[in-house]
Each structure stands twice: as C-alpha cells, then as structure tokens.
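Results of the structural survey
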Amino acid sequence: MRSRSYSLLAAALCGIICLNICACSESKNTGGSAVNSESGVQSASDNKTEESSQESSAESNTEESSEESNTEESSEESKSESAANADDDQYTDPYSPAPLGEWIKSMAYNPESEKQEVIYWRIVNVDPDAQASVDAYNDGNNFWILEQPDEDFIKFYEVDYEIKYPEDYTASDFGITSSSLSLSAEKPNGRGFEKDGTLYLGVGSTTDVTKDTLGKAEGYPQPGDTVKFRSVYTMIEGETDYVFCLEYKDLNDQRVSSYAASH
C-alpha cells in the first residue's frame, strides 16, 4: 500500500516537471519569433526609406537636368529671336543710334517679290586702318580705283556689318540674291565733315569690298541666314562724332533712315 502511494506521488511529480519544461520551451520560441518579426519589419522599413530616398534623388536630378536643358534652349531661342524683336521705330534718331552689335529693323527692295521687305542689319566692327582692304579691292579688277586722299589727315576706315534675312523673306529656288547696303558715315547733326573751317566733300561715303576681302560665298543665302559684309570709307583721322546711316523706303513709299553707332 505504501509502495503504491510512493508510485503515485512520483508520477505526479514527473508530470509537474514535464509541464514546466514545456512552458519554458514555448516561452523561448515565442520570444525568438517576436524578435525576428521586429527585425523583419525594421529591415523592410529601411529598404522602403532607401528606395524613397533614391527615387527622390532621381526625381531631383531629372528636374535639375530639365531646368538646365530649358535654360540652354531659352538662351538659344533668345539669341536667334533677338533680331526679330527689333522694333519698327527703333534707332531712327541719329542722336540715339543702335549700339555696336545691336540689330536694327529696316527694309530693302527684294527683286524676287519686287517690293520692299523687312531685313535686319547691325554694325559688328569698325577699324581705322583699312589700307589692306583698299589694296585688295584695287587689285581685284574692279571698275573703280580707290585713290588715296590728298590730305594726309583723311584716312580709309573699314566697317564690318551683317544682314539677317527673316524666315519669311521671299526667295527664289536657289536662294536670295543678296546685295550690300548703301551705308554712309554721317554727323548726327546732318552737317558734313570739316577741319579747321574747311568742309571736305565725299568723306563718309562707303565702297563695298566684301568680295575682295571676305571672299565670295559658295552659295546663295536662304531665308533665316545672316550674311557678312565689309565696306571702306574715308574719314578725318581721329573723328569719332559720327554714325552710320541706312536710308530706305517703307511700305508706304516713305523715306526712312535708321542709325548705328560707329564706336
């Protein structure tokens, strides 16, 4: 009887021990799983943060590149449209001529359409030493010869200028028959050039020397093209009080003059 009681007591103790062992084991497994789960969530969160940062950086770079591209395009557009933005009434006052390099809106006779059409012109450079250009012209089998003035204080100057033809300028199948402009160097007050009380006629008159100095173009210009020209003219040495004048007829057949600075 006592032996049986001991057996029952031993069995009960074994059962209690087994239950404690199982409970501890479950507690450890559950804790480990929770830690792993939190680690996984944290890792996923970090990945999303990194991906979001990379996407934001990529978008920022794309926006910056787009802005740079737009700035460059705007600069080019501004450059090409600067001539077209010239005003009809710009630079018609000899006391407020166009600065060097500034486009002037004028008109010229177009033999293709047989009417006056818009052109743009500007002075690019003025050189008080044009002897090389004069010599090239005189050696070019031209009809006229440029003779040195008798007065040693009257020199040959040269002026480089450009003509820009609008995109809608009338042209033939082969292009535009371009010609030089009849520019003249004039005093803003309209009076002639004089020295020591003596007026010198002919000073300021220009002669085109483009072919002999810049060479002949290979083809005809097209609408939208800019063409370079060069002319020489006599000027009293050291004179700076003068402007370049282009006289033309507008659509109403009225004579108009536009002016560009000489320096």
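Everything below is about the structure printed above this text.
Residues numbered from 1 in each chain as written. Predicted model: local features only at pLDDT ≥ 70, side-chain atom pairs only at ≥ 80, totals over all residues. Heavy atoms only, no water.

**Focus on the environment of Asn-141**
Relative to the assigned elements, Asn-141 resides in the loop between α2 (131–138) and β3 (154–164). Under the relative-accessibility criterion, Asn-141 is labelled exposed at 77%. Measuring from C-alpha to C-alpha, the distance between Asn-141 and Asp-212 comes to 9.6 Å, with 71 residues separating the pair along the chain. (Helix = DSSP H or I, 4+ residues; strand = E, 2+ residues; numbered from the N terminus. Buried < 20%, exposed > 50% of the residue type's maximum accessible area, 1.4 Å probe, protein only.)

**Comments concerning the layout of surface pockets**
Of the pockets and cavities examined, the largest pocket occupies roughly 520 Å³. Lining the largest pocket are 19 residues, with Ser-178, Lys-216, Ala-217, Val-227 and Phe-229 positioned closest to its centre. Listed by contribution, the elements that provide at least two residues to the lining of the largest pocket are α3 (210–213) and β8 (226–236). A total of 4 residues in the lining of the largest pocket trace back to one element, the largest contributor, which is β8. Residues that form the lining of the largest pocket fall into these classes: 7 nonpolar, 8 polar and 4 charged. Of the voids in this model, the second largest pocket is the one considered here, and its volume is about 350 Å³. Lining the second largest pocket are 26 residues, with Ala-108, Tyr-109, Ser-179, Ser-180 and Leu-181 positioned closest to its centre. Looking at the lining of the second largest pocket, the elements that each hand over two or more residues are β1 (104–110), β2 (115–127) and β9 (243–249). The dominant element in the lining of the second largest pocket, judged by the number of residues it contributes, is β1, at 4 residues. When its residues are assigned to classes, the lining of the second largest pocket shows 13 nonpolar, 10 polar and 3 charged. (1 Å grid on protein atoms, 1.4 Å probe; cavity = no way out; pocket = protein on both sides within 12 Å on 5 of 7 lines; lining within 4 Å. Points joined across faces, edges and corners; volume = space filled by probe spheres on them. Nonpolar A, V, L, I, M, F, W, Y, C, P; charged D, E, K, R; others polar.)

**Comments concerning the sheet that holds β3**
In spatial order, the strands read β1-β2-β3-β8-β7; together these 5 strands make up an open sheet with antiparallel pairing. Edge strands, defined here as strands with exactly one partner in the open sheet, are β1 and β7 (206–208). Recorded for the sheet is a direction-independent mean angle of 40° between the axes of neighbouring strands. Where β3 lies against β8, 11 bridges are found, and the strand directions are antiparallel. By the bridge assignment, Tyr-161 is partnered in β8 with Phe-229. (Pairing = 2+ DSSP bridges. Axes fitted to C-alpha atoms, helices over the stretch in contact; angles between N-to-C directions.)

**Examining the pairing of β1**
On any regular strand, side chains alternate: one points to one face of the sheet, the next to the other face. In terms of burial, β1 is a largely internal element, 6 of the 7 residues being buried. With 7 bridges connecting them, β1 and β2 associate as antiparallel partners. Residue pairing across strands places Met-107 opposite Val-118, the latter belonging to β2. The turn linking β1 back onto β2 is made up of 4 residues, and Glu-114 within it adopts a positive phi angle of 60°.

**Some points on the sheet that holds β9**
Spatially, 3 strands are ordered β4-β9-β10 in an open sheet, and the strand pairing comes out antiparallel. Strands at the two margins of the open sheet, each flanked by one partner only, are β4 (184–186) and β10 (255–261). On average, each strand axis in the sheet is inclined to that of its neighbour by 40°, with strand direction left out of account. One ladder, built from 3 bridges, connects β4 with β9; its direction is antiparallel. Its bridge partner lying in β9, Ala-185 is registered against Phe-244.

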